[in-house]
Amino acid sequence: MIQETYQEARDRMTKSIAALKSELKRIRTGRASSSLLDGIKVDYYGTPTPVPQMATVAIPESRLITIQPWDATAIKDIEKAILKSDLGLTPSNDGKLIRIAIPPLTEQRRKELVKVIHKTSEEYKVAVRNIRRDSNELIKGFKKDGDISEDDAFKAQDEIQKITDEHIKQIDDIYKAKEKEILEF
């Protein structure tokens, strides 16, 4: 039962880290990336549809994204969705293809983005700590019910702390890598 608690904590913390990575992919770094468009949904026949599911997204150059919708009638809707998004990108279309030029980031914008990723990383650290708290509550419940001894409870809480520290370090490493990516010219 303690092993299951460890495994559940590990699984939940790993899912938090995966969610953090996914969220940070959407923050632009001055380079074109198809993952920038992952969070953008287009109202396509009444259904919110992600751009990559309704068009071919390509990166022909390091600072250019092209989007070629499979249904040419959706081109205006895709363009509107990109303009409404918080990415700060301006698409242009020629009737068949949408081009998005990725402007180089200014020093000020880079610093703002670093603050955003720092805040996001901190939120995920809090999520990992909440998972630790939940696991420790389970262990205290086992001790209270007499399922495990007090020594086993202390050992289990130490192990949960080690798992937490390991995942917090991973979050820090992800943050530092993204920060370096944003600040490099």
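Above: the structure in question.
Here is a short report on the structure shown in this document. The shown structure was predicted, so the numbers you read here are calculated from the model rather than taken from an experiment.

### Examining the overall build of the protein chain
Phase 1 of the analysis: Scanning the protein chain from terminus to terminus reveals four helices and six strands.
Phase 2 of the analysis: Computed over its C-alpha atoms, the radius of gyration of the protein chain comes to 22 Å, more than 25% above the 16 Å expected for a compact globule of 185 residues.
Phase 3 of the analysis: Projected onto the principal axes, the alpha-carbon positions of the protein chain cover approximately 70 × 40 × 20 Å.
Phase 4 of the analysis: Classification of the 185 residues of the protein chain by burial places 38% in the buried group.
Phase 5 of the analysis: Per element, the accessible surface of the protein chain, about 11,000 Å² overall, is 51% carbon and sulfur.
Phase 6 of the analysis: Computed over 33 positive and 32 negative side-chain charges, the inter-centroid distance for the protein chain is 6 Å.

### Overview of the pattern of salt bridges
Phase 1 of the analysis: On inspection of all chains with the given rule, the structure shows 11 salt bridges.
Phase 2 of the analysis: Note that Lys111 and Glu107 form a salt bridge whose closest N and O atoms lie 3.9 Å from each other. With Lys111 and Glu107 both in helix α3 (residues 107–145) and four residues apart, this pair spans about one turn of that helix.
Phase 3 of the analysis: Residue classification places Lys111 among the partly exposed positions, given a relative accessible area of 48%.
Phase 4 of the analysis: Looking at Glu107, the relative accessible area reads 44%, which means it is partly exposed.

### Some remarks on the packing of aromatic side chains
Phase 1 of the analysis: Under the criterion given, the structure shown has one aromatic pair.
Phase 2 of the analysis: Look at Tyr44 and Tyr45: their rings are 4.8 Å apart centre to centre, the planes differ by 65°, and that puts the pair in the edge-to-face class.
Phase 3 of the analysis: On the basis of relative accessible area, Tyr45 is assigned to the exposed category, the value being 68%.
Phase 4 of the analysis: Directly above the ring of Phe154 sits Lys143, whose terminal nitrogen or CZ lies 5.9 Å from the centroid.

### A look at the sheet that holds strand β4 (residues 64–69)
Phase 1 of the analysis: Strand order in the open sheet formed by four strands is β3-β4-β6-β5, and the pairing between neighbours is antiparallel. The sheet is open, and its two borders are formed by β3 (55–61) and β5 (91–93), each paired with just one other strand. When strand polarity is set aside, the average angle formed by the axes of neighbouring strands in this sheet is 25°.
Phase 2 of the analysis: Judged from the five bridges that link them, β3 and β4 form a sheet pairing that is antiparallel. Each residue of the ladder has a partner; that of Thr56, found in β4, is Gln68.
Phase 3 of the analysis: Its contacts with the sheet place helix α2 (residues 75–84) against β3, β4, β5 and β6 (98–101), and it is angled at close to 165° to β5.

Conventions used here
- Residues numbered from 1 in each chain as written.
- Predicted model: local features only at pLDDT ≥ 70, side-chain atom pairs only at ≥ 80, totals over all residues.
- Heavy atoms only, no water.
- Helix = DSSP H or I, 4+ residues; strand = E, 2+ residues; numbered from the N terminus.
- Rg over C-alpha atoms; globule rule 2.2 N^0.38 Å.
- Buried < 20%, exposed > 50% of the residue type's maximum accessible area, 1.4 Å probe, protein only.
- Areas by Shrake-Rupley, 256 points an atom, 1.4 Å probe, with all protein chains shown as cover.
- Lys, Arg positive; Asp, Glu negative; His and termini not counted.
- Charge placed at Lys NZ, Arg CZ, Asp CG, Glu CD.
- Salt bridge = Lys/Arg side-chain N within 4 Å of Asp/Glu carboxyl O.
- Phe/Tyr/Trp six-rings, centres within 6.5 Å; stacked < 30°, edge-to-face > 60°.
- Lys NZ or Arg CZ within 6 Å of the ring centre and 35° of its normal.
- Pairing = 2+ DSSP bridges.
- Axes fitted to C-alpha atoms, helices over the stretch in contact; angles between N-to-C directions.
- Contact = heavy atoms within 4.5 Å.

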